[in-house]
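One letter stands for each residue in the lines below.
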Amino acid sequence: MNRRDLIKSLTILPIAGKLFPVQTLSAAPLARYSFPFAEDKPMPAIHRNSFVMDGHIHVMTRELLMKTDIGQRYTDGSVDLPRAKEGGMDAMFFSVYTPDVYYPGRFETKNTFRVINLALDQIKKNNAVIELALTATDIVRINKKGKIAAFLDLEGGFDLDGDLNLLRAMHQLGLRCMQLTAHNTTNAFIDACNDISYWGGINDLGKQIISEMNTLGMVINVAHASNDAILQATEASKDPVIYSHGGFFNIVNHPRCISDEAAKAIAAKGGVIGIQFGSLFNNPKYYAWQNPSPAPKVTVPKGTKPASLVPKPNTQTIEEVDKQLATEVPLNFRGTIPDEYWMHIDQLAKVIDYGVKLVGEDHIALGADLDGGPELPHEMKDISDYPQITIAMQKLGYSDTRIKKILGLNWLRVIRQVTENKA
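Residues numbered from 1 in each chain as written. Predicted model: local features only at pLDDT ≥ 70, side-chain atom pairs only at ≥ 80, totals over all residues. Heavy atoms only, no water.

Per an unreviewed UniProt entry, the protein carries the name Membrane dipeptidase and comes from Pedobacter westerhofensis.

See the structure below:
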């Protein structure tokens, strides 16, 4: 079962440096790193001249399992560095991913450390076009050199038990943002929105992890958390928190979408909500066509251990799990959508506008989830089409100031507040 189908099934329980010299791209090593903007794709001046940062871009799963290089142009999927440059990207939450398939064998920690190390290796290998950023100041410095800034982010379980020493070790490696939930799975300290609620939100360990992340200067990501968990985590954090990628529950009542209550709480704390680019979270017609049936609410006795922490007999080796997951790479949507259910970019813009009207222009940003499974709008094939969202916002009549905030300045503000001026 691929990632997007898993999310669908769980519903039933889911500045400077923007001009680059033209050069022919090839599979050769580092001379390949000056990229033209695609001549056949519109690039509005406001997009070209804005700081553009996405809050959730999947990386390293392909590179880990297929031994490829993100600096090369792929013929499939949605993300590589050449196409990111063509899309005008200045920075991204460089989101490494530990899928749920690694949890039964308790391989989540091993996978997390190897994908972080691989990300660092790939960033170093492709240093002519991308650099690791630990702070907002780093991001600005890297952009001034005409490079993409990679802000390392984890989606998935760093450790289902929530060991603080492992968290500190990942911070030492350069991780500066982490999703609290184990993707769609409740772990030892926080409930996931697609899983059974064991904690009623977060527990004392969850509060300790949040406090430690505040101390370390790590951005807390509450995407995939239950509504109660989002509210409690936001309240517990001294710093703003983010919801990196999703839609709004009042538009599509998928459990992965955020409630108005939770969105307002994040905004009140100074945080940011990132809008994911997929139909499942943003297009009511598509969601109705999928016709997910709600399942009865499952309750468990107080004190019951989360299923993810119960040992599983006869588990696969990590190599066997790798081989299984490799059949789904790249982790992008592969289905066919009839025209009447295929979302256009104007619908995605309406979702952004809903968010702006709900919480204000300082608290809405973009978290596309590219190569993470979303059914992209009709006008978008991959990250090189990112300017389409700017065009759509212009059609809404948005001012340049508002567009610049949503394209990236809101992410930069939160990163600066969380990562800098720490003792």
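Across its full length, the protein holds 16 helices and nine strands. Counting over 423 residues, the protein shows a buried share of 62%. For the protein, the exposed area adds up to about 16,100 Å²; of that, 53% sits on carbon and sulfur atoms. (Helix = DSSP H or I, 4+ residues; strand = E, 2+ residues; numbered from the N terminus. Buried < 20%, exposed > 50% of the residue type's maximum accessible area, 1.4 Å probe, protein only. Areas by Shrake-Rupley, 256 points an atom, 1.4 Å probe, with all protein chains shown as cover.)

Attention now goes to the side chain of His363. Residue placement: His363 occurs in the loop between helix H14 (345-359) and strand E9 (364-366). Given a relative accessible area of 14%, His363 falls into the buried group. Residue contacts for His363: discarding those within four places in its chain leaves Ala267, Gly270, Gly271, Val272, Ile273, Asn410 and Arg413. (Contact = heavy atoms within 4.5 Å.)

Now for the pattern of salt bridges. Within this structure, the stated rule accounts for 19 salt bridges. In this structure, Glu131 engages Lys147 in a salt bridge whose closest nitrogen and oxygen atoms are separated by 2.7 Å. Of this pair, Glu131 sits in strand E3 (residues 130-132) while Lys147 sits in the loop between helix H6 (136-144) and strand E4 (148-156); the two residues are 16 residues apart in sequence, bridging distant segments of the chain. Lys147 matches Glu131 in its accessibility class, with the two residues each being buried. (Salt bridge = Lys/Arg side-chain N within 4 Å of Asp/Glu carboxyl O.)

With that settled, the discussion passes to the packing of aromatic side chains. The full count for this structure, using the stated rule, is seven aromatic pairs. When the ring of Phe158 is compared with that of Phe189, the centres are 6.4 Å apart and the planes differ by 50°; the resulting orientation is tilted. Of this pair, Phe158 sits in the loop between E4 and helix H7 (164-173) while Phe189 sits in the loop between strand E5 (177-179) and helix H8 (204-216), and the two are 31 residues apart along the sequence. Here Phe277 and Tyr386 contribute two aromatic rings whose centre-to-centre distance is 5.6 Å and whose plane-to-plane angle is 40°, an arrangement assigned as tilted. Of the two residues, Phe277 is situated in the loop between strand E8 (272-275) and helix H11 (279-282) and Tyr386 in the loop between E9 and helix H15 (387-395); the sequence distance between them amounts to 109 residues. Take Phe277 and Tyr386: they sit in the same class, and that class is buried. What links up through ring pairs into an aromatic cluster is the set Phe93, Phe151 and Trp411. Its end group placed over the ring of Tyr398, Arg402 keeps NZ or CZ at 4.8 Å from the ring centre. (Phe/Tyr/Trp six-rings, centres within 6.5 Å; stacked < 30°, edge-to-face > 60°. Lys NZ or Arg CZ within 6 Å of the ring centre and 35° of its normal.)

A few words on the state of the cysteines. Two cysteines, two sulfur atoms, one covalent bond between them: this is a disulfide. Taken as a whole and assessed by the stated rule, the structure comprises zero disulfides. Summary of cysteine pairing: Cys193 is not part of a disulfide, and the nearest cysteine sulfur, belonging to Cys257, is at 8.8 Å. We classify Cys193 as buried; its relative accessible area is 17%. (Disulfide = S-S within 2.5 Å.)

So, on to the confidence of the model for the protein. For any part of a model where pLDDT is low, the fine detail of the predicted coordinates should not be relied upon. Across the protein, the average pLDDT comes to 90, with 90% of residues at 70 or higher. Within the protein, the lowest mean pLDDT, 48, falls on helix H1 (residues 3-10), and the highest, 99, falls on E9. Predicted confidence is poor over residues 6-38, with pLDDT under 50, and the contacts of this stretch with residues over four places away or in other chains come to 95 contacts. (pLDDT = per-residue confidence, 0-100.)

Moving on: the nonpolar core. Judged by nonpolar contacts, the single largest core of 92 residues is most densely connected at Phe94, Met178, Leu180, Ile273 and Ile352. Here the element with the most residues in this core is H14; it accounts for eight residues. Grouped together as the second largest cluster of nonpolar side chains are 21 residues, Phe51, Ala136, Ile415 and Val418 included. (Core = buried A, V, L, I, M, F, W, Y, C linked by side-chain atoms within 4.5 Å.)

For the bond running from Val329 to Pro330, omega is -5°, close enough to zero to count as cis. If you trace the backbone, Pro330 turns up in the loop between helix H13 (318-326) and H14. Of note, the phi angle at Lys67 is positive, near 60°, even though the residue is not glycine. Considering the arrangement of structural elements, one finds Lys67 in the loop between helix H3 (61-66) and helix H4 (81-86).

With respect to the helices and strands, the residue Pro240 is situated in the loop between helix H9 (227-236) and strand E7 (242-246). In this structure Pro240 comes out as buried when scored by relative accessible area, which is 2%. Between the C-alpha atoms of Pro240 and Val418, which are 178 residues apart in sequence, the distance is 7.3 Å.

As a further point, take the pairing of E7. Burial analysis of E7 places five of its five residues in the buried class, the great majority of the element. Pairing geometry for E7 and E8, over three bridges, is parallel. Within E8, the residue paired with Ile242 across the bridge is Val272. Once the chain exits E7 it traverses helix H10 (residues 260-268) before rejoining the sheet at E8, and the crossover so formed is right-handed. (Pairing = 2+ DSSP bridges. Right-handed = clockwise from strand over helix to strand, strands pointing away.)

Bringing the layout of surface pockets into the picture now. Taken as a whole, the second largest pocket holds about 400 Å³ of empty space. When its residues are assigned to classes, the lining of the second largest pocket shows eight nonpolar, eight polar and seven charged. (1 Å grid on protein atoms, 1.4 Å probe; cavity = no way out; pocket = protein on both sides within 12 Å on 5 of 7 lines; lining within 4 Å. Points joined across faces, edges and corners; volume = space filled by probe spheres on them. Nonpolar A, V, L, I, M, F, W, Y, C, P; charged D, E, K, R; others polar.)

Before going further, it helps to examine H9. Side chains three or four residues apart in an α-helix point the same way, a direct result of the helix having 3.6 residues per turn. Considered for burial, the residues of H9 that qualify are Ala229, Ile230, Ala233 and Thr234. With its buried residues spanning 125° around the axis, H9 presents them on a single face. (Arc of directions from axis to C-beta.)

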